[in-house]
Number of protein chains: 2
Amino acid sequence: MATIYEVSKLAGVSLATVSRVMNNNTPVKESTRRKVLDAMAQLDYRPNSIAQSLASNRSNSIGVLVSELHGPFYGAMLTGIEAEFRAAGKHVIITAGHSDLATEQDGIEFLKSRNCDALILHVEAVSDDYLLALAAEETPFVLLNRHIPAIADRCISLNNELGGYLATRHLLQQGHRKIAYIAGPMWKTDARDRYHGHQRALAEYQLTADPALFFEGDFRETGGSKGLESLLKTGKTFSALVCANDEMASGAITAARELGLNIPQQLSVMGYDNVNFAYYTYPKLSTIDYPISAMGQMAARWVLREVYQYDGNEVQQVFEPALISRDSVLAV
Amino acid sequence: MATIYEVSKLAGVSLATVSRVMNNNTPVKESTRRKVLDAMAQLDYRPNSIAQSLASNRSNSIGVLVSELHGPFYGAMLTGIEAEFRAAGKHVIITAGHSDLATEQDGIEFLKSRNCDALILHVEAVSDDYLLALAAEETPFVLLNRHIPAIADRCISLNNELGGYLATRHLLQQGHRKIAYIAGPMWKTDARDRYHGHQRALAEYQLTADPALFFEGDFRETGGSKGLESLLKTGKTFSALVCANDEMASGAITAARELGLNIPQQLSVMGYDNVNFAYYTYPKLSTIDYPISAMGQMAARWVLREVYQYDGNEVQQVFEPALISRDSVLAV
DNA sequence: GCTATAAATGAAAGCGCTTACATTAATACT
DNA sequence: AGTATTAATGTAAGCGCTTTCATTTATAGC
């Protein structure tokens, strides 16, 4: 592999000049540039990105930490991120945090140790304080799907409250009045926000959430099935169920089917996230769209702007969810 | 950030010695090692991985190219890969090829330019010749889900023929005799192999595939729905349908439902891949398990062995698919 | 044509490590 | 004790670039 030195020799210029035409950050006479470019082509020269990084103190790599690499949600997010960076010639180092405190912290350390120029974090287990401390360090980062007021400018998040509101309002508009709710773990902000939206929609209809029709799930399929069973056992009737995410909605639907409950005829169900498989369930799940891919892309843009001084596109920090009406909700 | 130089000064040893305790590739007296370790701890020293890479000509990074970052399939694969490398302190650079020739080639160039020590490729559009040429270059790589005889030692693939065989045999064992087939694009090896397996199973029952009951799909949902409609239009009857992947099976099931066909009572359906959502369909999809996560992990091991001289675990190159029997197939 | 200023280029010092080679310290053997 | 080995450590030359600062070359102004 040819080095910059050989290029400079062949072109009859100094190392510095070759470097200049590569980075074109300093004016170079057109004729000189030509010579250098020709020499590069002739030698099939490719700059050594490691050496560039060492000398410039820029790795051109961005660390991304997500909870899981698989699953419908994170894939979409990574797609948005990667596409944006690839176009900019930056590369993405990924790692998984598995929603576990130690693993997330390790992951962040790992990425820092790889000299990432910036980090995009989708962390759940790590505390606000930890992130605040991290913000005081030199590695810049953006938070996806998390809102910490003190560092709001580094947060890209969804208006979860609005999504919760939209889901329940949809049900109310379809005539439902007795609406059960299966929440996510209430220690998670997004779970709480979604529930608050639910309450707000109810309030608009002069209703309040019935504690008996509330179940705290775990955002996983079994949370939905167990939730539905538990809800049914209370003896309280309800004509609709909103689940705080699609996995739980799917679990609830499956459980309902096993109990001989017809969906949506006997029970309308709303999901949340609009994850890929929401389209594959039967009936097709009505849900709230979470524009996660766009949000990933926006996180990438944030980095491009703040870290690499790209200008252009404004960064949107708060995203709006949207109602996706499919077949799991019936008017009553 | 402290450098190796400061550590060496504090510990009262030379740079080389510090380097030695870091890499422990050369014996260092225990007392010296202690001093160095203490100094490191005291300074909160973290080696600069870029500098290490430049000096050692090893980037400790592995490039991974997959068709898509989202989707049920690749996520599982990435999980397997990342977990293995993370444990080894290597990091993974990912990029997407989108099953497109130019994008795949670009992606490979991109990864090479990032000084990856090795590449793990899941490529579809790029030709065998291209890969053969790549094999002649210096960057080592493994191919996932592709088999090229001339470089068989770098290929990790599934016995697709066996999977096709298992799917159809399952149907035959359940008493089905008229079996329709929706294939993937027949220019893809895996699509062809799966179909050959189908034929072999039929042959064992003294049957041959009826061309009228064959449809070439595209591995996507619409391929399944269009396939089923087309198959139905021929007027030929069939009691079972095997689809060359789960997406198409899901499309076929949805189309069937819209046409008032009961699954599995009136038509048994087999999928292929055992992708995450196969569990969320209704009825739950009987399918062929593709151990893609394990295969990703194995690709990582290949790299660890061949490139980083890890010993231990043998690398398994050909994987066996397995039948997953769920609810979309009924005995007749 | 000569100086003042601006534009283009070059020289060389790092960036923070690894590693071949040289040197010194420790151990073994007579 | 003195030499031969072996083990442990140090010295210093890179790895392939970027970038500051100095120098040279071109342009302008008189």
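All of these numbers come straight from a predicted model, not from anything done at the bench. The residue numbers shown here count from 1 along each chain, following its written sequence. Think of it this way: whatever chain is written first is A, whatever ligand is written first is 1, and the rest follow in order. This being a predicted model, a pLDDT of at least 70 is required before a residue's local features are given, and a value of 80 or more before pairs of side-chain atoms are given or counted; all residues contribute to the totals for chains, interfaces and linings. With hydrogens and water set aside, each side-chain value is computed from the structure's full complement of heavy atoms.

**Observations regarding the nonpolar core**
- Buried residues of nine kinds, namely Ala, Val, Leu, Ile, Met, Phe, Trp, Tyr and Cys, make up a nonpolar core once their side-chain atoms join them within 4.5 Å. Note on classification: 1.4 Å probe, protein chains only; a residue is buried when its accessible area is under 20% of the maximum for its type, exposed when over 50%, partly exposed between these limits. In terms of nonpolar packing, the biggest core is built from 158 residues, with Ile120(A), Leu241(A), Val303(A), Ile120(B), Ile156(B), Leu241(B) and Val303(B) touching the most fellow members.
- Residues count as neighbours in contact if any of their non-hydrogen atoms are within 4.5 Å of one another. The contacts of Ile120(B), once residues within four sequence positions are left out, are Ile62(B), Gly63(B), Val64(B), Leu65(B), Ile81(B), Phe85(B), Val142(B), Leu144(B), Ala299(B), Ala300(B) and Val303(B).
- Membership of the second largest hydrophobic core comes to 36 residues, among which are Leu111(A), Val126(A), Leu134(B) and Leu143(B).

**Some words on the packing of helix 10 (residues 221-233) of chain A against helix 11 (residues 246-258) of chain A**
Residue and element names in this part refer to chain A.
- Between N-to-C directions, angles span 0 to 180 degrees; the directions come from axes that are lines fitted to C-alpha atoms, helices contributing only their stretch in contact. Strands here mean DSSP runs of E at least two residues long; helices mean DSSP runs of H or I at least four residues long; both are numbered from the N terminus. Two numbers describe how helix 10 lies on helix 11: the axes approach to 6 Å, and their chain directions differ by 50°. By the angle between their directions, the pair helix 10 and helix 11 is classed as oblique. Judged by the sense of rotation from one axis to the other, the crossing of helix 10 with helix 11 is right-handed. Contacts between helix 10 and helix 11 involve Glu221, Gly223, Gly224, Ser225, Leu228 and Glu229 from the former and Glu247, Met248, Ser250, Gly251, Ala252, Thr254, Ala255 and Ala256 from the latter.
- Of the residues that constitute the contact of helix 10 with helix 11, the class distribution is 5 nonpolar, 6 polar and 3 charged. Any angle from 65 to 115 degrees is called roughly perpendicular, while one under 35 is roughly parallel, one over 145 is roughly antiparallel, and all others are oblique. Left-handed describes a crossing whose near helix is turned anticlockwise from the far helix through less than a right angle; right-handed describes the clockwise counterpart. Residues were grouped as follows: Ala, Val, Leu, Ile, Met, Phe, Trp, Tyr, Cys and Pro as nonpolar; Asp, Glu, Lys and Arg as charged; and all remaining residues, including Gly, as polar.

**What about the side chain of Thr79(A)?**
- One can find Thr79(A) in helix 5 (residues 72-88).
- With near-sequence residues (within four places) excluded, Thr79(A) lies in contact with Leu69(B) and His70(B).

**Some words on the sheet that holds strand 6 (residues 179-183) of chain A**
Residues and elements named next belong to chain A.
- Pairing between strands is defined by DSSP: at least two bridges between them are needed. A sheet is described by the order of its strands in space; here 4 strands give the open sequence 7-6-8-9, paired in parallel fashion. Both outer strands of the open sheet, strand 7 (214-216) and strand 9 (268-270), are each paired with one neighbouring strand and no more. The sheet shows a mean angle of 15° between the axes of neighbouring strands, taken without regard to direction.
- With 4 bridges joining them, strand 6 and strand 8 (residues 240-243) adopt parallel strand pairing.

**Structural notes on the pattern of salt bridges**
All names here are of chain A.
- Each reported salt bridge corresponds to a side-chain nitrogen of Lys or Arg within 4 Å of a carboxyl oxygen of Asp or Glu. Inspection of the entire model under this criterion finds 24 salt bridges over all chains.
- For aspartate 128, the salt bridge is made with arginine 146, and the minimal N-O distance between the two is 2.6 Å. Of this pair, aspartate 128 sits in helix 7 (residues 128-136) while arginine 146 sits in the loop between strand 4 (141-144) and strand 5 (155-158), placing them 18 residues apart in sequence.
- According to the relative accessible area criterion, aspartate 128 is partly exposed, its value standing at 33%.

**A few points about the domain arrangement of chain A**
- Boundary definitions for the domains trace back to an automatic or database domain assignment. Per the domain assignment, the segments making up chain A are domain 1 (4-47), domain 2 (61-159 + 292-321) and domain 3 (160-289).
- On a C-alpha basis, the centroid separation for the pair domain 1 of chain A and domain 3 of chain A is 63 Å.

**Quick notes on the sheet that holds strand 6 (residues 179-183) of chain B**
Residues and elements named next belong to chain B.
- Taking strand neighbours across the sheet as the criterion, the 4 strands line up as 7-6-8-9 in an open arrangement whose pairing is parallel. Two strands in the sheet have a free side with no partner beyond their single neighbour: strand 7 (214-216) and strand 9 (268-270). The mean angle between the axes of side-by-side strands here comes to 15°, regardless of whether they run parallel or antiparallel.

**Looking at the interface of chain B and chain A**
- On the side of chain A, 47 residues touch chain B, which itself brings 48 residues to the contact.
- Where chain B touches chain A, the interface holds 2 salt bridges.
- Between Arg46(B) and Glu109(A) there is a salt bridge; the shortest N-O distance is 2.7 Å.
- Elements with a contribution of two residues or more to the side of chain B that touches chain A: helix 4 (49-56), helix 5 (72-88), strand 2 (91-96), helix 6 (101-113) and helix 11 (246-258) of chain B.
- The leading source of residues in the side of chain B that touches chain A is helix 5 of chain B, at 7 residues.
- A class-by-class count of the residues in the side of chain B that touches chain A yields 17 nonpolar, 19 polar and 12 charged.

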